[in-house]
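# A look at the structure
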Amino acid sequence: QVQLVESGGGLVQAGGSLRLSCAASGRIFSINAMGWYRQAPGKQRELVAAITSRGSTNYADSVKGRFTISRDNAKNTVYLQMNSLKPEDTAVYYCNADLKTSPLLSSYNYWGQGTQVTVSS
């Protein structure tokens, strides 16, 4: 069993900051990419940021320069530092990890349960 547990969401005023964390635990052999997605009411889930095991990053245009993704491979944890938050950043944020539970198996995508981020104007 693999679990991804997110923390750090909440309510913040526009211009404020939040830091999300996501820790992967369980039967993990290796983790490839980790990332954060978000889904606002009535909208499709979208990629916010992703990071490979070697530290290469990718961001949605809407968050470039404001959000920073990082990871601690020793702790199987990924972080999302969100600065200069805007009301349009309001959404449920989901952690994602592409990982292997065994060297004999292909990697598989796992998801966290989601954490609410609300930015008030």
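Please refer to the structure higher up on the page.
Residues numbered from 1 in each chain as written. Predicted model: local features only at pLDDT ≥ 70, side-chain atom pairs only at ≥ 80, totals over all residues. Heavy atoms only, no water.

## Looking at the nonpolar core
General note: in soluble globular proteins, nonpolar side chains tend to be found buried as a group. In plain terms, the rule: We call a set of buried residues a nonpolar core when its members are Ala, Val, Leu, Ile, Met, Phe, Trp, Tyr or Cys and they connect through side-chain atoms within 4.5 Å of each other. Residue burial is assigned from relative accessible area. The probe radius is 1.4 Å, only protein chains are included, and a residue is buried under 20% of its type maximum, exposed over 50%, and partly exposed in between. By definition, any uninterrupted DSSP run of H or I lasting at least four residues is a helix, any uninterrupted run of E lasting at least two residues is a strand, and each is numbered from the N terminus. Here a residue-residue contact requires only that any non-hydrogen atoms of the pair lie within 4.5 Å.
One finds W36, L80, M82 and Y93 to be the most contacted residues of the largest nonpolar core, which totals 30 residues. Considering every element that reaches this core, the biggest residue donor is strand β9 (residues 91–100), with five residues. If near-sequence neighbours (up to four positions away) are discounted, Y93 is found in contact with E6, L20, W36, Y37, R38, V48, F67, L80, M82, G114, T115 and V117.

## Some words on the sheet that holds strand β3 (residues 18–26)
Test applied: At least two DSSP bridges between two strands are needed for those strands to be called paired. A fitted line through C-alpha atoms represents every axis, and for helices the fit uses only the stretch in contact; the resulting angles, taken between N-to-C directions, go from 0 to 180 degrees.
An order of β1-β3-β8-β7 is seen for the four strands of this open sheet, with the pairing classed as antiparallel. Two strands bound the open sheet, and with one partner strand each, they are β1 (2–7) and β7 (67–72). Neighbour-to-neighbour, the strand axes of the sheet open up by a mean angle of 15 degrees, direction not taken into account. Here β3 runs beside strand β8 (residues 77–82); their pairing, made up of six bridges, is antiparallel. Its bridge partner being in β8, L18 is matched across the sheet by M82.

## Overview of the pairing of β3
In terms of strand pairing, β1 meets β3 through six bridges, oriented antiparallel. When the sheet's bridge partners are listed, S7 is paired in β3 with S21.

## As for the side chain of R71
Rule in force here: When charges are tallied, Lys and Arg are placed among the positive residues and Asp and Glu among the negative ones, while His and the ends of the chain are skipped. By convention in these notes, a salt bridge is any Lys or Arg side-chain nitrogen within 4 Å of a carboxyl oxygen on Asp or Glu. Pairing of N or O atoms within 3.5 Å defines a polar contact, subject to two protein rules: one partner must be a possible hydrogen donor and the other a possible acceptor, and residues neighboring in sequence count only if both atoms are side-chain atoms.
Along the chain, R71 falls in strand β7. In this structure, R71 is buried with no salt-bridge partner, the nearest side chain bearing the opposite charge being D72 at 8.2 Å. Within the local environment of R71, its side chain forms a polar contact with the backbone oxygen of N32, the two atoms lying 2.7 Å apart. Within the structure, the side chain of R71 is placed 3.3 Å from the backbone oxygen of I51, a separation counted as a polar contact. Contacts of R71, omitting those with residues within four sequence positions, involve I31, N32, A33, M34, I51, T52, S53, T77, V78 and Y79.

## A look at the packing of aromatic side chains
Any aromatic ring pair is given by two values, namely how distant the centres are and how the planes are angled relative to each other. The line we're drawing: Here is the rule: rings of Phe, Tyr and Trp (six-membered ring for Trp) pair when centre to centre is within 6.5 Å. Planes less than 30 degrees apart are stacked, more than 60 are edge-to-face, and the remainder are tilted. By definition here, charges over rings are those cases where NZ of Lys or CZ of Arg is within 6 Å of the ring centre and within 35 degrees of the ring normal.
Taken as a whole and judged by the stated rule, the model has two aromatic pairs. Residues Y108 and Y110 carry aromatic rings whose centres are separated by 5.2 Å and whose planes lie at 75 degrees to one another, so their mutual orientation is edge-to-face. In this arrangement the basic side chain of R19 is found over the ring face of Y79, its NZ or CZ atom lying 4.1 Å from the centre. The ring of W111 carries R45 above its face, with NZ or CZ at 4.7 Å from the centroid.

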